[in-house]
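# Commentary on secondary and tertiary structure
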Amino acid sequence: MARDSFKSRLGILAAAAGSAIGLGNIWRFPHITGTNGGGAFLIVYLVCIVLIGLPIMISEFIIGRSTKKNAIGAFRELAPKTPWSIIGWMGLLCAVVILSFYGVVAGWCMHYVSNSITNSFAGKSVTELSNMFTSLISSNWLPIIWQLLFMAITGYIVAAGIKNGIEKYSKILMPLMFLLIIILDIRALTLDNAMEGINFLFKPKFNELTLDAVFLALGHAFFTLSLGMGTMLTYGSYINDGENLKSTAVNVSIADTVIALLAGIAIFPAVFSYGIKPDTGAGLAFISLPLVFEQMPFGNIFGILFFSLLAVAALTSSISILEVIVAYFTEEFNMSRTKVTVFSTLFVSIIGILCSLSNGILKEYTIFGMTFMNFMEYLSANILLPLGGLLICLFVGYYMDKKIIKDQLRNKGSISSISSTFLVIFLLLVKFISPIAILIVFLKGINLI
Ligand code: PHE
């Protein structure tokens, strides 16, 4: 049977941008930018995207498309009988780790859509909203039901395949996501005092730009572009030979950055306009914003839109994560896609249930002082993704046949415009600049420096 692949250029972009744009953009990026130097952080972040993110995305695409294999099979083909396939194994592990907690947070978003529909924020104080959030995440069954529903939808799309599942739904969900964010942006920008929020987000505050903030920017660049665990490699393996990998990577990175900025523009003006202190992390989306929505005219409608936006963004990312696992088992063991999808969804969901319970009854069981869910986040963002990214750079920079790299970038000669300067810069980045920068973040991330 012929290997499934993406059908159209738009489909590739929708799927890859869908993977990149996720919870990382809409809730993590705005608050870390706002609290780590605003515009100053933004400059560092953009430098990280261009100098580290882009070369790694191109590298993953090259590895995937040149082999047309899953994350482990690709390294086995390019580097047989060597330990390089460990990159693929780490990717598989990371997919399980990220998806387990991602499903839980996406479940919270879905519950908040239903809270907005039933107008449950109305008349509540900050303390009450905060209790409402804490009681949801620590409850034994409610967040798990939502998480399982979210995972079931993820599995349903992945089981349908690349063309008829991932590509088809990404092409519907991405424009929907864009529409939702634009509506929320217009609403936020037309509120009184909107400029105060814009200033909070964009005004460069160089005094807040600590060394930690620089490391945070680099780590976030990985997470937000879905790099370092074989997601873009796997999607790359479904890209047809005629497509230009370099411009695909550039377009995906631009889309990801634009959506992150639009998310910040939707959130901060609203928060400031209602005189609310911008909370951090989960609190910003699940406590500060409900407080805004309950005061805003037709606020529950905007609540429905915002939490749907989060859920949709999470969905197009979670399908890309599940695909890493499903591609490996279907290809290497010749198993049916539906069967593999059902089993992997169940497996990841069980680990996800443990994540969810670690906010409640399993709170006491900690790993290195972290709850299970926090540990899963830490393990992926601070260890597995940077380590995977570092190894991918080294693989492409030092091991891989340069002819394959050239062929992939030039589509075997049909793109003549790829200059030797680009190749030199690309190799310089993957050989030296990116590995050194990643190594620093990695050592910092695990507190070794
Ligand atoms: N890029 C996604 C986000 O920003 C998360 C993700 C990480 C998806 C790694 C796939 C792989 O939320």
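This text follows the structure it describes.
Every value quoted in this text rests on a predicted model; they were computed, and no experiment measured them.

Criteria and thresholds
- The written sequence of each chain sets the order in which its residues are numbered from 1.
- Residue-level local features of this predicted model are given only where pLDDT is at least 70; pairs of side-chain atoms are given and counted only at 80 or more, and the full residue set underlies all totals for whole chains, interfaces and linings.
- Each side-chain value is derived from all of the structure's non-hydrogen atoms; neither hydrogens nor water enter the calculation.
- Numbering of helices and strands runs from the N terminus, with a helix taken as a DSSP run of H or I at least four residues long and a strand as a DSSP run of E at least two residues long.
- Think of it in three bands: with a 1.4 Å probe and only protein chains considered, a residue is buried below 20% of the maximum accessible area for its type, exposed above 50%, and partly exposed in between.
- Residues are counted as near a molecule or strand when any one of their heavy atoms sits within 4 Å of it.
- Any pair of N or O atoms that falls within 3.5 Å is considered a polar contact. Within protein, one atom must be able to donate a hydrogen and the other to accept it, and sequence-neighbouring residues count only if both atoms are side-chain atoms.
- Accessible surface is estimated by sampling points in the Shrake-Rupley manner with a 1.4 Å probe; for residues, cover comes only from the protein chains shown.
- Salt bridge criterion: a side-chain nitrogen from Lys or Arg within 4 Å of a carboxyl oxygen from Asp or Glu.
- Residues scored as positive are Lys and Arg, those scored as negative are Asp and Glu, and His as well as the terminal groups of each chain are ignored.
- Throughout this description, the term nonpolar core refers to a set of buried Ala, Val, Leu, Ile, Met, Phe, Trp, Tyr and Cys residues connected via side-chain atoms within 4.5 Å.
- The contact criterion used throughout is that any non-hydrogen atoms of two residues lie within 4.5 Å.
- Working definition: a disulfide is two cysteine sulfur atoms within 2.5 Å of each other.
- Within 6.5 Å between ring centres, the rings of Phe, Tyr and Trp (the latter by its six-membered ring) count as paired, and their orientation is classed by plane angle as stacked under 30 degrees, edge-to-face over 60, tilted in between.
- Whether a charge lies above a ring is judged from NZ of Lys or CZ of Arg, which has to be within 6 Å of the ring centre and within 35 degrees of the ring normal.
- Note on definitions: angles span 0 to 180 degrees between N-to-C directions of axes, and those axes are lines fitted to C-alpha atoms, for helices only across the stretch in contact.
- An angle below 35 degrees is treated as roughly parallel, one above 145 as roughly antiparallel, one from 65 to 115 as roughly perpendicular, and anything else as oblique.
- A clockwise turn of the near helix away from the far one marks a right-handed crossing, whereas an anticlockwise turn of less than a right angle marks a left-handed crossing.
- Here the nonpolar group is Ala, Val, Leu, Ile, Met, Phe, Trp, Tyr, Cys and Pro; Asp, Glu, Lys and Arg are the charged ones; every other residue, Gly included, is treated as polar.

What follows is about unusual backbone geometry. Of note, the phi angle at Lys-81 is positive, near 55°, even though the residue is not glycine. Tracing the backbone through its elements, the reader meets Lys-81 in the loop between α4 (71-78) and α5 (86-117). Since its relative accessible area comes to 88%, Lys-81 is described here as exposed. Positive phi is not limited to glycine here, since Ser-226 has a value of about 55°. Mapped onto the secondary structure, Ser-226 falls in the loop between α10 (211-224) and α11 (231-236).

This paragraph deals with the site of the ligand. Near the ligand, the surroundings consist of 16 residues, among which Ala-20, Gly-24, Tyr-102, Phe-223 and Ser-226 are the closest. Ala-20 places a main-chain nitrogen or oxygen 3.0 Å from a nitrogen atom of the ligand. Taking Thr-224, its main chain carries an N or O atom lying 3.2 Å from a nitrogen atom of the ligand. Starting from 330 Å² of accessible surface for the ligand in isolation, the protein chains cover 100%. Going through the elements one at a time, α1 (9-20), α2 (23-35), α5, α10 and α14 (299-333) are the ones with two or more residues in the shell around the ligand.

Across all of its chains, the model carries 8 salt bridges by this definition. A salt bridge links Lys-68 to Asp-241, with the shortest nitrogen-to-oxygen separation between them at 2.9 Å. Of this pair, Lys-68 sits in the loop between α3 (39-67) and α4 while Asp-241 sits in the loop between α11 and α12 (245-273), and the two are 173 residues apart along the sequence. Residue class for Lys-68 comes out partly exposed when judged on its relative accessible area of 29%.

It is worth spelling out the side chain of Glu-167 at this point. On the secondary structure map, Glu-167 appears in helix α8 (residues 162-189). Look at Glu-167: it is buried, it has no salt bridge, and the nearest opposite charge is Lys-171 at 4.2 Å. For Glu-167, the side chain forms a polar contact with the main-chain nitrogen of Lys-7, separated by 2.5 Å.

The subject of this paragraph is the environment of Gly-369. Within the element layout of this structure, Gly-369 appears in the loop between β1 (366-367) and β2 (370-371). Sequence-wise, Gly-369 and Ala-71 are 298 residues apart; in three dimensions their C-alpha atoms are separated by 32 Å.

Before going further, it helps to examine the nonpolar core. Membership of the largest hydrophobic core comes to 160 residues, with the highest contact counts inside it found for Ile-63, Phe-306 and Phe-426. Contacts of Phe-306, omitting those with residues within four sequence positions, involve Ile-26, Leu-184, Ile-267, Ala-285, Leu-289 and Phe-293.

A few words on the environment of Asp-407. Secondary-structure assignment places Asp-407 in helix α17 (residues 402-410). Taking the C-alpha atoms as reference points, Asp-407 and Ile-62, 345 residues apart in sequence, are found 9.3 Å from one another.

According to the stated counting rule, one finds 0 disulfides in the structure shown. A disulfide-free cysteine, Cys-48 has its sulfur positioned 13 Å from the sulfur of Cys-393, the nearest such atom. Not part of a disulfide, Cys-94 finds its nearest cysteine sulfur in Cys-355, a span of 13 Å. Look at Cys-94 and you get buried, because its relative accessible area is 1%.

With that settled, the discussion passes to the packing of aromatic side chains. According to the stated counting rule, one finds 29 aromatic pairs in the structure shown. For the ring pair Phe-293 and Phe-306, a centre distance of 6.2 Å and an interplane angle of 45° mean the geometry is tilted. Note that Phe-293 is positioned in helix α13 (residues 282-295) and Phe-306 in helix α14, a separation of 13 residues in sequence. A relative accessible area of 7% places Phe-293 in the buried class. For Phe-306, a relative accessible area of 3% translates into the label buried. Through successive ring pairs, a cluster of aromatic residues spans Trp-27, Trp-108, Tyr-112, Phe-121, Phe-133, Phe-286, Phe-293, Phe-306 and Phe-307. The aromatic ring of Phe-200 is capped on one face by Lys-205, whose charged end is 4.7 Å from the ring centroid.

Let us look at the packing of α14 against helix α15 (residues 337-357). Each pair of packed helices gets described by two things: the angle between the helix axes and the distance between those axes. In contact at an axis separation of 9 Å, α14 and α15 are set at 135° when each is read in the N-to-C sense. For the element pair α14 / α15, the angle class is oblique. In the crossing of α14 with α15, the sense of the turn from one axis to the other is right-handed. For the pair α14 and α15, contact is made by Leu-322, Glu-323, Ile-325, Val-326, Phe-329 and Thr-330 and by Arg-337, Val-340, Thr-341, Ser-344, Thr-345 and Val-348, respectively. A per-class count over the contact of α14 with α15 returns 6 nonpolar, 4 polar and 2 charged.

Everything listed is a geometric property; what it means functionally is a separate question.
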